[in-house]
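# Coordinate analysis (summary)
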Amino acid sequence: METNTKSRAELAEHAYRIRRNALLMGEVQGQGYVGQALDIADVLAVAYCQEMKFRPEDPEWDGRDRFLLSNGHYAIALYAALIEAGIIPEEELETYGSDDSRLPMSGMASYTPGMEMSGGSLGQGLTIAVGHALGLKHKNSDSFVYTLFSDGELDEGAVWEALMSAAHWKLDNMIAIVDVNNQQADGPSSQIMAFEPLTEKMEAFGWFTQRVDGNDIEAVAAAFEAARKHPEAKPRMIIADTLMGCGVPFLEEREKNHFIRVDEHEWQLALSALEAGRKA
Ligand SMILES: Cc1ncc(C[n+]2csc(CCOP(=O)(O)OP(=O)(O)O)c2C)c(N)n1
Ligand SMILES: [Mg+2]
């Protein structure tokens, strides 16, 4: 798929379908990291439906941009996007999390087309992305390496080592996105380990940095474009402030939504609420 520019309405429709895919998978298991999928859907819609180059029928095409999911528990979000991007058939939604599925609950590179790294152990994606970006540079490739990580991962030292290395090696083919939903397993991220001022920290580490409302799809699209086109020989960071559960008001309001259980009848309510927001 070549890079093209879509209208706000088209991107919003992709994001809606990514959210819907995630809810349908959540329903299969009755639980999951659904709040995160809803918060990051706009970012993934821009990445997979506008920015990245790839061939849906040939996920290992050498000329593709890479997308490394560091926070492996967001796999449900990535599957939802891979389905929307045409890399995984929609029918596979129903297999989510079952024994013989290509869509296990944590991302596994060997199981899933389009999954570039295995996840589960947090704090590793940026380090792996640095390796990919360096390797691609050695090959004179013009592919970009995108990596998504979460605000909870900022607690990990290896993240900061990778941030330094990317700047040291002038990896201008690297675009990292951090999902600041201000949540992690044990509570609000900012209370577990204060990370602000994050823009200034990233800049001080040598990254071209933008901070956007990660649920404003036009702002996200503009940030991706500016990141790709930035002229300095620096890695690029997008800090995306997001709302857990975005698009489904009763999930947005849940206090503990790191791993949610939704009652059987509530899935239909969630899908209806999402649909109502789409029309609004
Ligand atoms: C190295 C490591 N430590 C701990 C965990 C357990 N764990 C799984 S998800 C999670 C929360 C991480 O924060 P974040 O991704 O920001 O949470 P979310 O936004 O999804 O609520 C933790 C601590 C893990 N998977 N890997
Ligand atoms: Mg978080």
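Owing to the predicted nature of the structure, the values given are computational and were not obtained by experimental measurement. (Residues numbered from 1 in each chain as written. Chains lettered and ligands numbered in written order. Predicted model: local features only at pLDDT ≥ 70, side-chain atom pairs only at ≥ 80, totals over all residues. Heavy atoms only, no water.)

## Re the overall build of the protein chain
Keep this limit in mind: Per the convention used, a helix needs a DSSP run of H or I reaching at least four residues, while a strand needs a run of E reaching at least two, with both numbered from the N terminus. Here's how the labels work: a residue is buried when its accessible area is under 20% of the maximum for its type, exposed when over 50%, partly exposed in between, all with a 1.4 Å probe on protein chains only. In this description, contact between two residues means that some pair of their heavy atoms is separated by no more than 4.5 Å. Reported accessibility uses the Shrake-Rupley method at a 1.4 Å probe radius. Residues are deemed covered only where the shown protein chains occlude them. Counted as positive: Lys and Arg. Counted as negative: Asp and Glu, with His and the chain ends omitted from the count. All charge positions are set by atom: Lys at NZ, Arg at CZ, Asp at CG, Glu at CD.
Across its full length, the protein chain carries ten helices and seven strands. Along the longest, intermediate and shortest principal axes, the C-alpha atoms of the protein chain span 50 × 45 × 40 Å. Taken over 280 residues, the protein chain has a buried fraction of 52%. Within the protein chain, contacts between residues at least 6 apart in sequence are counted, and of these 75% link residues at least 24 apart. With the model as given, the accessible surface of the protein chain reaches about 11900 Å², and the carbon-plus-sulfur share is 50%. Both charge centroids of the protein chain, one from 24 positive and one from 45 negative side chains, sit 5 Å from each other.

## Here we look at the sheet that holds strand E2 (residues 66-69)
Heads up, the condition is: Note on pairing: two strands pair once DSSP finds at least 2 bridges between them. Throughout, an axis means a line fitted to C-alpha atoms (over the contacting stretch in the case of helices), and angles, computed between N-to-C directions, take values from 0 to 180 degrees.
Spatial strand order, E2-E3-E4-E6-E5: five strands in an open sheet with parallel pairing. Two strands close off the open sheet at either side, each with one partner strand: E2 and strand E5 (208-213). Neighbour to neighbour, the strand axes of the sheet diverge by 20° on average, direction disregarded. Sheet analysis places E5 next to strand E6 (residues 236-241), joined by six bridges and oriented parallel. From the neighbouring strand, threonine 209 faces E6, where its bridge partner is methionine 237.

## Concerning the coordination of the magnesium ion (ligand 2)
Spelled out, the test is: Coordination shells were defined by N, O and S atoms within 2.8 Å of each metal, extended to 3.2 Å for Na, K and Ca; water is absent from the atom set, which can make sites look incomplete.
Protein coordination at the magnesium ion (ligand 2) comes from Asp151 (OD), Asn181 (OD1) and Gln183 (O), with a distance range of 2.1 to 2.3 Å. On the primary sequence, the residues serving as donors to the magnesium ion (ligand 2) are separated as D-x29-N-x1-Q. Highlighted residues: aspartate 151 in the loop between strand E3 (145-150) and helix H5 (157-168) and asparagine 181 in the loop between strand E4 (174-180) and helix H6 (189-192), separated in sequence by 30 residues. Look at asparagine 181 and you get buried, because its relative accessible area is 8%.

## A closer look at the site of ligand 1
Filter applied, for reference: Near, as used in this document, describes a residue that has one of its heavy atoms within 4 Å of the molecule or strand being considered. Throughout this description, a polar contact denotes any pair of N or O atoms lying within 3.5 Å of each other; where both atoms belong to protein, one of them has to be capable of donating a hydrogen while the other can accept it, and for residues adjacent in sequence the pair is counted only when both atoms sit in side chains. In this classification, the charged set is Asp, Glu, Lys and Arg, the nonpolar set is Ala, Val, Leu, Ile, Met, Phe, Trp, Tyr, Cys and Pro, and all remaining amino acids, among them Gly, are polar.
If you check the shell around ligand 1, you find 16 residues, and the closest are Gln36, His73, Gly120, Ser150 and His258. Here a nitrogen atom of ligand 1 and a backbone polar atom of leucine 122 are 3.1 Å apart. Within the contact set of ligand 1, an oxygen atom lies 2.8 Å away from a side-chain nitrogen or oxygen of aspartate 151. Burial of ligand 1 by the protein amounts to 73% of the accessible area it has alone, namely 590 Å². Residue composition of the shell around ligand 1, grouped by class: four nonpolar, ten polar and two charged.

## Side note on the pairing of E4
Burial of E4 is extensive: seven of the seven residues sit out of reach of the surface. Strand direction decides the pairing type here: E3 and E4, joined by six bridges, are parallel. Each residue of the ladder has a partner; that of tyrosine 146, found in E4, is isoleucine 175. The sheet contact formed by E4 and E6 spans six bridges and is parallel. Note that in E6 the partner of alanine 176 across the bridge is methionine 237.

## Focus on the UniProt feature "domain: Transketolase N-terminal" (unreviewed entry) in the protein chain
Here is the rule: UniProt positions are given in the numbering used here, feature names are shortened, and annotations may be inferred rather than shown by experiment.
Per the UniProt record, "domain: Transketolase N-terminal" (unreviewed entry) is annotated on residues 27-266. Summarising residues 27-266: 37% helix, 14% strand, and an end-to-end C-alpha distance of 9 Å.

## Re the confidence of the model for the protein chain
Put simply, the rule reads: One confidence number per residue, pLDDT, is output by the predictor and ranges from 0 to 100.
The predicted model of the protein chain has a mean per-residue pLDDT of 96, with 99% of residues at 70 or higher. Highest mean pLDDT in the protein chain belongs to E6 (99); lowest belongs to strand E7 (residues 260-261) (87).

## Examining the packing of aromatic side chains
Operational definition: Ring geometry is summarised as follows: Phe, Tyr and Trp rings, the Trp one being its six-membered ring, pair when their centres sit within 6.5 Å, and such pairs are stacked at plane angles under 30 degrees, edge-to-face over 60 and tilted between the two.
In this structure the tally under the stated criterion is seven aromatic pairs. Seen from their ring centres, tyrosine 79 and tyrosine 96 are 6.3 Å apart, and the 65° between their planes marks the pair as edge-to-face. Residue tyrosine 79 is found in helix H3 (residues 75-84), and its partner tyrosine 96 is found in the loop between H3 and helix H4 (125-138); the two are separated by 17 residues along the sequence. Classification of tyrosine 79 by relative accessible area gives buried; the value is 0%. Residue classification places tyrosine 96 among the buried residues on the basis of a relative accessible area of 1%. Among the aromatic residues, those joined into a cluster by ring pairs are Tyr48, Phe54 and Phe67.

## Describing helix H10 (residues 264-279)
In plain terms, the rule: This arc corresponds to the set of directions leading from the helix axis out to the C-beta atoms.
Inspection of H10 places Glu266, Trp267, Ala270, Leu271 and Leu274 among the buried residues, and these make up the whole buried set. The buried residues of H10 all sit within an arc of 145° when viewed along its axis, so they share a single face. Those residues of H10 that are exposed and aimed more than 90 degrees away from the buried face are His265 and Lys279.

## Some thoughts on the environment of tyrosine 146
Structurally, the position occupied by tyrosine 146 is in strand E3. Taking the C-alpha atoms as reference points, tyrosine 146 and leucine 69, separated by 77 residues in sequence, lie 8.6 Å from one another. Among residues more than four places away in sequence, those in contact with tyrosine 146 are Glu51, Met52, Asp65, Arg66, Phe67, Leu68, Ile175, Ile177, Phe224 and Arg228.

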